[in-house]
Amino acid sequence: MVILVGCGLIYIVDTENSVELTLNPDGSISGTIDGFLPEECSYMVLDNADAVETLYLYYDEGHLSEESFYSMGEYYKTLTMLLENRGFTDVEYIDAEMFADIVSDVANADGRAIFSLAGVLPNTVKADDSNSMMEAWFAAGGTVYWGGSPIGEYIESGDSMVESEGIIPIEMYNTEDIPYIDEGRVYSDIALDFSFTFSYTYSGLRTDCPDSRVLGIYDEYSSYSVVRMMGNGSLHVFGGNVLDMTTGEIAALADMIVCGIGYDADVLEKVWFKKGYGAEDVTIERTLTSGETFYLMIGKPESQRGMCLRG
């Protein structure tokens, strides 16, 4: 970008990157990556990804939460911005009444995901020890991303929270006073592929939790796991205080959400390359087959932009 000012020139460098990709009829991928500066890029091809079509962010100041609403709101703003930078724009804020409406609509559960950091279920979906509404949502293929105390363990009762029967047995969670992994940490393959470094495990799941898969960092407990629930539903469980995630860790999570990383997703290959100055045409020497997912990331180690294509 060049701006004329009087008799002089002022050069303003636009460091933003943009990407346009096309999945051609033969399964090949071509497009353009634009941006003034050189940039590290990578792409990966995945199989068995669980595509999220709509993400609902639960936020309701009229109902109880373990976390500060201000901090939660700032986290959601960052996550929404990063998702938009990856072409994922179907993000909606929901309150407690909408939460109940969504989980009641089991016919449209598949492809929908609720993201909550409140640590407590609103009394619109659970008012006693029964988890029937949430279990029906999972059985129909719904997805939940959950941070805070074990899901279902606390419910609202007037202006206080009371203990209840959780959806997953409490013995499957880290209830020790060990907030994060210090020594002996192990990175899951997914954490390595997406540079996900969040290491807090308090309220995270045990690595031997039935029907679970570690997506984050782990020792005996995991900083991020997904559980295959009855039916085709998925419960994503974060350890520790998710609000402590760095921007880079939220960016890695955004990459995983856009790709559809879940219980069965596998990264078939990952390729690094470098974009030069200015716009650059790219042709990916890989034919995408039906059921596969292609994901391009721009920036290293913290991805700035991304784009997803599905075969």
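Residues numbered from 1 in each chain as written. Predicted model: local features only at pLDDT ≥ 70, side-chain atom pairs only at ≥ 80, totals over all residues. Heavy atoms only, no water.

K.L.:
Mind showing me how you'd approach the environment of Phe238 here?
P.N.:
Note that Phe238 resides in strand β16 (residues 234–238). Of the residues examined, Phe238 reaches a relative accessible area of 0% and is grouped as buried. In sequence terms Phe238 and Ser199 are 39 residues apart; their C-alpha atoms lie 9.7 Å from each other. Beyond its immediate stretch of four places on either side in the chain, Phe238 contacts Phe115, Tyr145, Trp146, Gly147, Ser203, Gly204, Ser223, Tyr224, Met245 and Leu253. (Helix = DSSP H or I, 4+ residues; strand = E, 2+ residues; numbered from the N terminus. Buried < 20%, exposed > 50% of the residue type's maximum accessible area, 1.4 Å probe, protein only. Contact = heavy atoms within 4.5 Å.)

K.L.:
Would you take a moment to explain the nonpolar core for this structure?
P.N.:
When a protein is soluble and globular, its nonpolar side chains tend to lie buried together. Counting 41 residues, the largest nonpolar core has Tyr75 and Phe115 as its most contacted members. Those elements that provide at least two residues to this core are β5 (39–47), β6 (54–58), α1 (69–84), β8 (112–116), α4 (189–194), β15 (224–228), α5 (247–259) and β19 (292–298). Other than its neighbours up to four places away in sequence, Tyr75 contacts Phe115, Leu117, Val242, Leu243, Met245, Ile250 and Leu253. By size, the runner-up hydrophobic cluster in this structure holds 30 residues, among which are Ala100, Met134, Ile167 and Val227. (Core = buried A, V, L, I, M, F, W, Y, C linked by side-chain atoms within 4.5 Å.)

K.L.:
Explain the sheet that holds strand β20 (residues 305–310) here, please?
P.N.:
Note: strands within a sheet are paired through backbone hydrogen bonds, in either parallel or antiparallel orientation. The four strands lie next to each other as β17-β5-β19-β20, forming an open sheet whose pairing is antiparallel. Among the strands making up the open sheet, the edge pair consists of β17 (266–275) and β20. Taking each pair of neighbouring strands and ignoring which way they run, the sheet shows an average axis angle of 15 degrees. Of the strand pairs in this sheet, β5 and β17 are connected by nine bridges, and their pairing is antiparallel. What sits directly across from Glu40, in β17, is Lys274. (Pairing = 2+ DSSP bridges. Axes fitted to C-alpha atoms, helices over the stretch in contact; angles between N-to-C directions.)

K.L.:
For this particular structure, what's the right way to read the pattern of salt bridges?
P.N.:
Where charged atoms from two side chains of opposite charge approach closely, those side chains can pair. A full pass over the atoms with the stated rule returns nine salt bridges. Where Glu292 meets Arg286, a salt bridge forms, and the shortest distance between an N and an O atom there is 3.0 Å. Among the residues examined, Arg286 registers a relative accessible area of 18% and is labelled buried. Bridged by salt links that share partners, the residues Asp50, Arg228 and Asp264 form one connected network. (Salt bridge = Lys/Arg side-chain N within 4 Å of Asp/Glu carboxyl O.)

K.L.:
How do you make sense of the sheet that holds strand β7 (residues 91–94) when you look at a structure like this?
P.N.:
Taken in spatial order, the seven strands make up an open sheet running β7-β6-β8-β9-β16-β15-β13, and their pairing is mixed. Both edges of this open sheet fall to β7 and β13 (212–214), since each of them pairs with a single strand only. Each strand of the sheet is rotated relative to its neighbour by a mean of 20 degrees, with strand direction disregarded. Two elements, β8 and strand β9 (residues 143–146), share four bridges in a ladder whose sense is parallel. Residue pairing in the sheet places Ile114 in a bridge with Val144 of β9.

K.L.:
Mind showing me how you'd approach the packing of α1 against α5 here?
P.N.:
Each pair of packed helices gets described by two things: the angle between the helix axes and the distance between those axes. In the contact formed by α1 and α5, the axes pass within 9 Å of each other and the chain directions differ by 50 degrees. Here α1 is positioned oblique relative to α5, judged by the angle of their axes. Considering the relative orientation of α1 and α5, their crossing is right-handed. Of α5, the residues touching α1 (which contributes Tyr75, Thr78, Leu79, Leu82 and Leu83) are Thr247, Ile250, Ala251, Leu253, Ala254, Ile257 and Val258. The class makeup of the residues in the contact of α1 with α5 is 10 nonpolar, two polar and no charged. (Parallel < 35°, antiparallel > 145°, perpendicular 65-115°, else oblique. Left-handed = near helix turned anticlockwise from the far one by under 90°. Nonpolar A, V, L, I, M, F, W, Y, C, P; charged D, E, K, R; others polar.)

K.L.:
What am I meant to see in the layout of surface pockets here?
P.N.:
Empty space among the atoms becomes apparent when a probe as large as a water molecule is rolled across them. Its boundaries defined by the atoms lining it, the largest pocket holds a volume of some 230 Å³. Lining the largest pocket are 18 residues, with Asp50, Ala51, Asp110, Gly141 and Thr143 sitting closest to its centre. Breaking the lining of the largest pocket down by element, the ones donating at least two residues are β8, β9 and β16. Here the lining of the largest pocket is composed, by residue class, of five nonpolar, eight polar and five charged. (1 Å grid on protein atoms, 1.4 Å probe; cavity = no way out; pocket = protein on both sides within 12 Å on 5 of 7 lines; lining within 4 Å. Points joined across faces, edges and corners; volume = space filled by probe spheres on them.)

That is the geometry; function is a separate question.
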